[in-house]
Amino acid sequence: MDNFSYVNATDLEQVTSLLSDSGWGEVMVVAGGTDLLGELKEYIETPKTLINLKSLPGMDSISMNTTGITIGALTTVADIANHPTIQQRYTVLAQAASSVATPQIRNVGTLGGNLCQRPRCWYYRDETVNCLKKGGDTCYAVDGLSKYHAILGGDPVFIVHPSDIAPALIALGASLKIVGPEGEKTMKVEEFFTLPAANPFRENVLQPNEIVVEVHVPQPKQGTKSFYLKAREKGAPDFALASVAGVFEMMGQTCQNANIVLGGVAPAPWRSTEAENILSGKVINESVSNNAGAAAVKDAQPLNDNAYKVTLTQNLISRTAMMAVS
Ligand SMILES: Cc1cc2nc3c(=O)[nH]c(=O)nc-3n(C[C@H](O)[C@H](O)[C@H](O)COP(=O)(O)OP(=O)(O)OC[C@H]3O[C@@H](n4cnc5c(N)ncnc54)[C@H](O)[C@@H]3O)c2cc1C
């Protein structure tokens, strides 16, 4: 790891002014450090200055009112997973957070860091490989080892987005607040993430002088049920091979509206409007849920080693939908 200077942030203005004009990578923010320190050790990132966000006051709280719940970007993944109201009313979010990594990482890793974490692709994380994501001209997963890579939306970079929390937030219709030198802006979490076709180097639209400060999740409608299903290689804590965040507005056995967002299969959390269109307005049964699963993966383009993700994703969607009526 290269030497860097370390600054404890005192307020947001100081953070954005230190980030300003530095471009990507010269000055970086760190929260829990569970993702960034790995990148520093592997020389994937070599900042001159690190700004510690955890010294900022008041950004690690969860508050509620009649419109929904607001979660500070420095809230730990564990605090989200263990929050009683989130477990009860925003179940998909609590389930997604509790599926992240290990208790130790959940106790330190933050919401902002989870959304802004970088891909786990073994080519990207290898300091000796100058892949397309790092300014080279090849995504080595295409002709190389691709077991954990994208089956949807990959071209030209076939990473998958590693966050479990992001698909849950999108399925719940959450928005996030960003602060930069020009002040605050709010956007849907869905609009925050971007595909490699738009920008092969980044996974979101955050500018180098901006940070995420909080996330707002609207109150789910009466009768809403929600679930997060995640398939891992082993029972052990691990990133998703494929995952499904499903939010279902139910009236009896009828699903009035479904939001289905996939994790682990695309370079950004992947909203399946195909599955949503099949489930919304229908009585949910096995046939409807199987059709939804099949529709979600009909345009999948697996690489050499990851065709198993097509069936896996299809079945996870179908199982998630059936949970809404069981
Ligand atoms: C062994 C292991 C297993 C894991 N398994 C999973 C898993 O199963 N599911 C999953 O979802 N994640 C998993 N993770 C990732 C983990 O959840 C993230 O590392 C963690 O949430 C990141 O939070 P952090 O506060 O430590 O981020 P940091 O490491 O501090 O930062 C990560 C990145 O986000 C940026 N950043 C941090 N905060 C902000 C902010 N507020 N605004 C803008 N940028 C910011 C940093 O500059 C950095 O680039 C795993 C990580 C490890 C090491």
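Residues numbered from 1 in each chain as written. Predicted model: local features only at pLDDT ≥ 70, side-chain atom pairs only at ≥ 80, totals over all residues. Heavy atoms only, no water.

Moving on, we come to the site of the ligand. Around the ligand sit 31 residues in total, of which Val29, Gly32, Thr34, Thr110 and Asp164 are the nearest. A distance of 3.2 Å separates an oxygen atom of the ligand from a polar atom in the backbone of Ala101. Gln117 places a polar side-chain atom, nitrogen or oxygen, 3.4 Å from a nitrogen atom of the ligand. Contact with the protein chains covers 90% of the free accessible surface of the ligand, which is 970 Å². Tallying contributions element by element places helix 7 (residues 111-116) first for the shell around the ligand, with four residues. Of the residues belonging to the shell around the ligand, the class tally is 16 nonpolar, eleven polar and four charged. (Near = heavy atom within 4 Å. Polar contact = N/O pair within 3.5 Å; in protein donor to acceptor, adjacent residues only side chain to side chain. Areas by Shrake-Rupley, 256 points an atom, 1.4 Å probe, with all protein chains shown as cover. Helix = DSSP H or I, 4+ residues; strand = E, 2+ residues; numbered from the N terminus. Nonpolar A, V, L, I, M, F, W, Y, C, P; charged D, E, K, R; others polar.)

In a beta sheet, neighbouring strands are held together by backbone hydrogen bonds and run either parallel or antiparallel to one another. Ordered by their spatial adjacency, three strands build an open sheet running 1-3-2, and the pairing between neighbours is parallel. Only two strands of the sheet have a single neighbouring strand rather than two, namely strand 1 (5-8) and strand 2 (27-30). Direction aside, neighbouring strands of the sheet carry axes that sit 25° apart on average. In this sheet, strand 3 (residues 49-52) lies alongside strand 1 in parallel orientation, the contact comprising four bridges. In the sheet register, Ser5 faces strand 3, and the bridge partner there is Thr49. Contacts from helix 1 (residues 12-19) reach strand 1, strand 2 and strand 3, with the element oriented near 145° to strand 2. (Pairing = 2+ DSSP bridges. Axes fitted to C-alpha atoms, helices over the stretch in contact; angles between N-to-C directions. Contact = heavy atoms within 4.5 Å.)

This part is about the environment of Pro47. Structurally, the position occupied by Pro47 is in the loop between helix 2 (36-41) and strand 3. Counting along the chain gives 111 residues from Pro47 to Phe158, while the straight-line C-alpha distance between them is 26 Å. When residues no more than four places from it in sequence are discounted, the contact partners of Pro47 are Asn3, Phe4, Gly25, Glu26, Met28 and Leu40.

Another aspect to go through is the side chain of Thr194. Residue placement: Thr194 occurs in the loop between helix 9 (189-192) and strand 8 (211-218). Take Thr194: its relative accessible area is 12%, and that puts it in the buried class. Setting aside chain neighbours within four positions, we find Thr194 in contact with Arg202, Glu203, Asn204, Val205 and Ala268. (Buried < 20%, exposed > 50% of the residue type's maximum accessible area, 1.4 Å probe, protein only.)

A word on the sheet that holds strand 4 (residues 62-65). Taken in spatial order, the five strands line up as 4-5-8-6-7 in an open sheet, and their pairing is antiparallel. At either margin of the open sheet sits one strand with a lone partner, and together these are strand 4 and strand 7 (183-188). Averaged over all pairs of adjacent strands, the angle between their axes in this sheet comes to 20°, without regard to strand direction. As defined by bridge partners, strand 5 (residues 68-72) adjoins strand 8 across five bridges and the pair is classed as antiparallel. The residue bridging Thr70 from the neighbouring strand is His216, located in strand 8.

Relative to strand 7, strand 6 (residues 175-180) runs antiparallel, the two being bridged by six bridges. Bridged to Ser175 within strand 7 is Lys188. Here strand 6 folds back onto strand 7, and the loop between the two strands holds two residues.

What follows deals with unusual backbone geometry. Of note, the bond from Asp155 into Pro156 is cis; its omega dihedral lies within 30 degrees of zero at 5°. Along the chain, Pro156 falls in the loop between helix 7 and helix 8 (165-171). For Tyr43, which is not a glycine, the phi torsion comes out positive at approximately 60°. Secondary-structure assignment places Tyr43 in the loop between helix 2 and strand 3. Take Tyr43: its relative accessible area is 37%, and that puts it in the partly exposed class. Despite not being glycine, Ala101 has its phi angle at roughly 45°, a positive value. Note on placement: Ala101 falls in the loop between helix 5 (91-98) and helix 6 (103-108).

With respect to the helices, strands and loops of the structure, Leu12 is situated in helix 1. The class of Leu12 is partly exposed, set by a relative accessible area of 27%. The spatial distance from the C-alpha of Leu12 to the C-alpha of Leu145 is 42 Å, given a sequence separation of 133 residues. What Leu12 contacts, discounting residues up to four positions off in sequence, is Leu56, Met59, Val179, Ile211 and Val213.

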